[in-house]
Amino acid sequence: MGLEIKGLTFLLLLVLLVLSSNVSLSDARSGKHWRQNRASSSTLLRRKGKGKTGNSHKQYGKGNQDPYQPSPSTSPNVPVNPSESPVQGKGHPAPTMPTPSSGSGHTLPSPPPPLPPLLLPPQPPAAPSQNTVFNVVDFGARGDGVTDDTQAFQEAWAAACKVEASTVLVPSELEFVVGPISFSGPYCKPNILFQLDGTILAQTSTRAWGSGLLQWLEFTKLSGISIQGSGVINGRGQEWWTYSDPNDNDDDDVDAYNVELEKIPQIKPTALRFYGSSNVTVTGITIVNSSQCHLKFDSCQGVMVHDLTISSPENSPNTDGIHLQNSKQVSIHHTNLACGNALTNSIKACSLVETDKFRTKGKIKTLVQVSEVIFSLCDAGDDCVSIQTGCSDINIHNVNCGPGHGISIGGLGRYNTKACVSNVTVRDVSMFKTMTGVRIKTWQGGSGLVQGIRFSNILVSEVQTPIIIDQFYCDRTTCRNQTSAVAVSGVQYENIRGTFTIKPAHFACSDSSPCSEITLTGIQLKPLIVPQYHLYNPFCWQAFGELFTPAIPPISCLQIGKPSGNNVMSDYDLC
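Since the structure is predicted, the reported quantities are computational estimates derived from the model, not experimental observations.

> Got a minute to help me understand the environment of Ala159 in this structure?
Here Ala159 lies in helix H3 (residues 150-160). Between the alpha carbons of Ala159 and Phe139 there is a distance of 9.9 Å; along the sequence they are 20 residues apart.

What follows is the structure, given as structure tokens:
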């Protein structure tokens, strides 16, 4: 019995020993070795995620496996999204992603946006810096209204010329005296902006002009040149107007002096001229008191002029507002042009011409023609817009003109030259106290053709002759009679209304090249009695066309139909 008890006790001790051994083994597993395994697993996870950016997109719903998981043969380091591909030329190519089947029920996440190059933040737009804006003051200009700043302007332009889309800045509240200067290409970079906010004054010393120059500020052979701002170009033309007589230009014995008793050159410069340039814009600025023409475009293509002001006093001779020659695709709009009127101070002189003087020469036989001769003699220039030979696709609208000589095509064909003008539209224009309204003028002896002209919605107030075609234009006492002429064909007059002081319409066309296809619609012109003028009826000579509506007053002298012969057709072939 005692032996059995001892055996049972031994078995219990043995069982306790075995249980104790199992508990130690469990503790060992839950101790140091478990922590080592966990650390190894964390290290492995970090290695797998190294180089990854953004969040992982591996959960596509409970129990669903990623349908775009790379195949086992694909390297695990290859990104699934092509936008996460390594730098081009390195790493492995991304696998092609299959198109998900319709109705799979899986909503695919949007791919993350591509990172900027080299992981750099996006840069803001570049602002103009000191390297692209060239202030004339930084080049030594004083702007005190006395010092000659010509060299500073030249140096600022030379620097800007080397930089595309650069800016030459003429700052506000300063007056810069500048002599004759040429801002020229053709090696300048395109799209240069001339920001004019201050005032540019012409030199008054004749030493700056030498024997005379045709222009003062000139921009030549440039592409994309723009002048804009709120500034002023002042030609200070009083020196030329006061001390020179435009009628004495051919007299070598006549000397003109300015206030310094220096000789004024007979050649008077244009204030601002563009030559041989394309995509030209002039906007916002004011041009005043040019010695001759204010703004000229010669051999340019793609011209835009708007919100411009041009002004000179009534006694300024030959101060045209805008002069176009050999230029195409020109738009002029929302502009005010007051270009003086030499006729104002020469009315008395013109009225002293005796009709018998012309009758004895056998050139004038009616008083109506005498009035037109007087009219031509007193025409010294001053057109608000002058359109010369070689111009086409001209669009002028929303312009105020006056005082001045109106908007003119010509004079064309001087010195027996060929002249061609086509596709000109003048519309929505107001004219006040101008010598003419809309005019076409050609010299005897010329050749060529004016065609495709439209004058529409013209409002005239106290205009001497609102409508005129003159193929016998002459700006001197006598002109030689010649047979040939620049032909005029296809001229539309629409909705021209207002008041006139001498004659509502004047069509003086050539016997050899009659005017053809003249159409009149909505002409309503009322006479206004002015003491120094005499009123005349409409005048027509060799003018052919059609009246679409009755005119006020009646223009019954216009011949209906087309001229006989083939004179006009032969002139068509010249252009």
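Additional details are given in the paragraphs that follow.
> Please explain the state of the cysteines as it appears in this structure.
Disulfide: a covalent bond formed between the sulfur atoms of two cysteine residues. For the structure shown, the criterion picks out six disulfides. What pairs with Cys161 in a disulfide is Cys188, and their sulfur atoms sit 1.9 Å apart. The sign of the -110 degrees torsion about the S-S bond sets the Cys161-Cys188 disulfide as left-handed. Linking Cys161 in the loop between H3 and strand S3 (167-170) with Cys188 in the loop between strand S5 (181-184) and strand S6 (193-196), this pair joins segments that are 27 residues apart in sequence. Accessibility expressed as a relative area gives 15% for Cys161, which makes it buried. You can call Cys188 buried: its relative accessible area is 13%. The disulfide that involves Cys420 links it to Cys575, with 2.0 Å between the sulfurs.

> Which parts of the structure should I look at to understand the nonpolar core?
Side chains of a nonpolar character, in soluble globular proteins, are inclined to be buried together. Ranked by internal contacts, the top residues of the largest apolar core, which has 97 residues, are Phe274, Phe297, Ile322, Tyr493 and Phe507. Both domain 1 (129-236 + 270-291) and domain 2 (379-474 + 483-565) contribute no fewer than three residues apiece to this core. Those residues in contact with Phe274 that lie beyond four places of it in its chain are Phe219, Ile225, Ile227, Val280, Val282, Leu295, Lys296, Phe297, Asp298 and Cys300.

The rules behind the values
Residues numbered from 1 in each chain as written. Predicted model: local features only at pLDDT ≥ 70, side-chain atom pairs only at ≥ 80, totals over all residues. Heavy atoms only, no water. Helix = DSSP H or I, 4+ residues; strand = E, 2+ residues; numbered from the N terminus. Disulfide = S-S within 2.5 Å. Buried < 20%, exposed > 50% of the residue type's maximum accessible area, 1.4 Å probe, protein only. Core = buried A, V, L, I, M, F, W, Y, C linked by side-chain atoms within 4.5 Å. Domains from an automatic or database assignment. Contact = heavy atoms within 4.5 Å.

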